[in-house]
Amino acid sequence: QLISIAFGVAAMAASLTHAITVRYKEVYFGTDIREAYGSLYLMPEDTTMLRQQWDSLLADSPCSQRSTVRTMDCPIGKDYWNMTQQQCCVARTKGKKGVDVATRLMEARAQNADLKVAIESGHITEHVEIRECTYRGDLFFDVSKRFWKYEVTGNRYPRARMPMVFAETDSLLRFMSAKYGRPSWKAKRGKLTFNPNDETYYANWEFKDFIMYLVINGSQGMFAAKEVVMDRKLAKEYENWVLNQGKTPQTLTATPK
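Residues numbered from 1 in each chain as written. Predicted model: local features only at pLDDT ≥ 70, side-chain atom pairs only at ≥ 80, totals over all residues. Heavy atoms only, no water.

1. Digging into the pairing of strand β13 (residues 222-231)
So, point 1. Counting buried positions along β13 yields nine of ten residues, so the element is predominantly enclosed.
So, point 2. With five bridges connecting them, strand β8 (residues 147-153) and β13 associate as antiparallel partners. When the bridges of β13 are listed, Val152 appears paired with Glu227.
So, point 3. Sheet topology note: the strand β9 (residues 157-158)/β13 ladder contains two bridges and is antiparallel. If you follow Pro158 over to β13, its bridge partner there is Met222.
So, point 4. Where strand β12 (residues 210-219) meets β13, ten bridges bridge the pair, whose relative direction is antiparallel. Residue pairing for β13: Phe210 is matched across the bridge by Asp231. (Buried < 20%, exposed > 50% of the residue type's maximum accessible area, 1.4 Å probe, protein only. Helix = DSSP H or I, 4+ residues; strand = E, 2+ residues; numbered from the N terminus. Pairing = 2+ DSSP bridges.)

Below, the structure is given as C-alpha cells:
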C-alpha cells in the first residue's frame with residue numbers, strides 16, 4: 001500500500017519510506033542528488049553532440065569572430081532572443097537549424113549549470129501546492145549527495161498578521177494529521193511565545209526511523225509555518241559530519257517549548 005502526500009510519506013508493508021513529490025515525481029531519502037535532479041527537472045542534456053553541431057555551423061563562418069560573452073537582444077522573426085553575439089549571428093545566418101542548435105545548447109548549458117550549483121550547495125528549492133496554498137519546498141543533500149531532509153515553508157508574515165501564520169500552520173497540521181495520525185505532542189496556542197529569529201515548536205510526531213515536526217519559524221521579525229521531515233539515521237550522520245568540521249549543527253529534533 002502506498003500512502004503519499006504532496007511532500008509525502010509512503011508506507012510499504014511494515015516499514016515507512018518517506019518520499020518527496022515535486023512536479024509529480026517521488027524522490028526517496030538516500031537518493032543521490034544527480035538522480036533526484038533528473039527526476040525533478042529532467043536530466044540535463046549531454047552537450048557533446050550539440051557542441052559538435054555548433055562547431056560545424058561555425059566552420060568557415062564569419063560568426064566565429066563574434067563575441068561569445070557579450071549578449072544582445074537578437075531579432076529572430078517577430079521575436080527577440082537574449083543571445084551572445086555569436087549565437088545571434090549563427091541563428092540569423094543559418095536559419096531554423098541555427099536557431100534550434102543555439103537554443104538547445106543554451107538550455108542544456110543552463111541546466112548543467114543549475115545541476116552543478118545544486119550539487120555544490122546540497123540544496124534544491126521547489127514550490128508545491130497543499131490544500132490550494134503554495135508553499136516553498138527545500139530538499140537537502142549531505143556530503144555524500146544523499147537526500148536526507150525536506151522542509152515545507154509557508155508565506156512569511158509580520159507579527160501583526162500572526163492569524164495568517166496560524167491559519168497556514170493549522171492547515172499543514174490537519175494535512176499532516178490526515179496522513180500520519182494525531183501528533184505525539186501539540187502546543188497550546190495561548191502559551192506560545194515567539195522569537196523573531198527562532199523556531200517555536202507547534203507539533204511533532206514520533207517515528208522510529210524518521211523525525212517529523214511542525215514549527216512557526218521566525219526570521220528577521222517575519223513568521224511562517226514550517227514542516228520538517230528527515231531520515232533519522234542520515235540526519236545523525238549529517239550532524240556528526242558537521243561536528244567533525246568544528247561547526248555547530250542545526251537542530252535535528254523537535255523539543256516542545
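2. Focus: the packing of helix α2 (residues 48-58) against helix α4 (residues 95-121)
So, point 1. Contact geometry of α2 with α4 gives a least axis separation of 10 Å together with a crossing angle of 140°. The angle between α2 and α4 places the two elements in the oblique class. For the pair α2 and α4, the sense of crossing is left-handed. Within the contact between the two elements, α2 uses Leu50, Arg51, Gln53, Trp54 and Leu57 and α4 uses Lys97, Gly98, Val101, Ala102, Arg104, Leu105, Ala108 and Arg109.
So, point 2. Residue composition of the contact of α2 with α4, by class: seven nonpolar, two polar and four charged. (Axes fitted to C-alpha atoms, helices over the stretch in contact; angles between N-to-C directions. Parallel < 35°, antiparallel > 145°, perpendicular 65-115°, else oblique. Left-handed = near helix turned anticlockwise from the far one by under 90°. Contact = heavy atoms within 4.5 Å. Nonpolar A, V, L, I, M, F, W, Y, C, P; charged D, E, K, R; others polar.)

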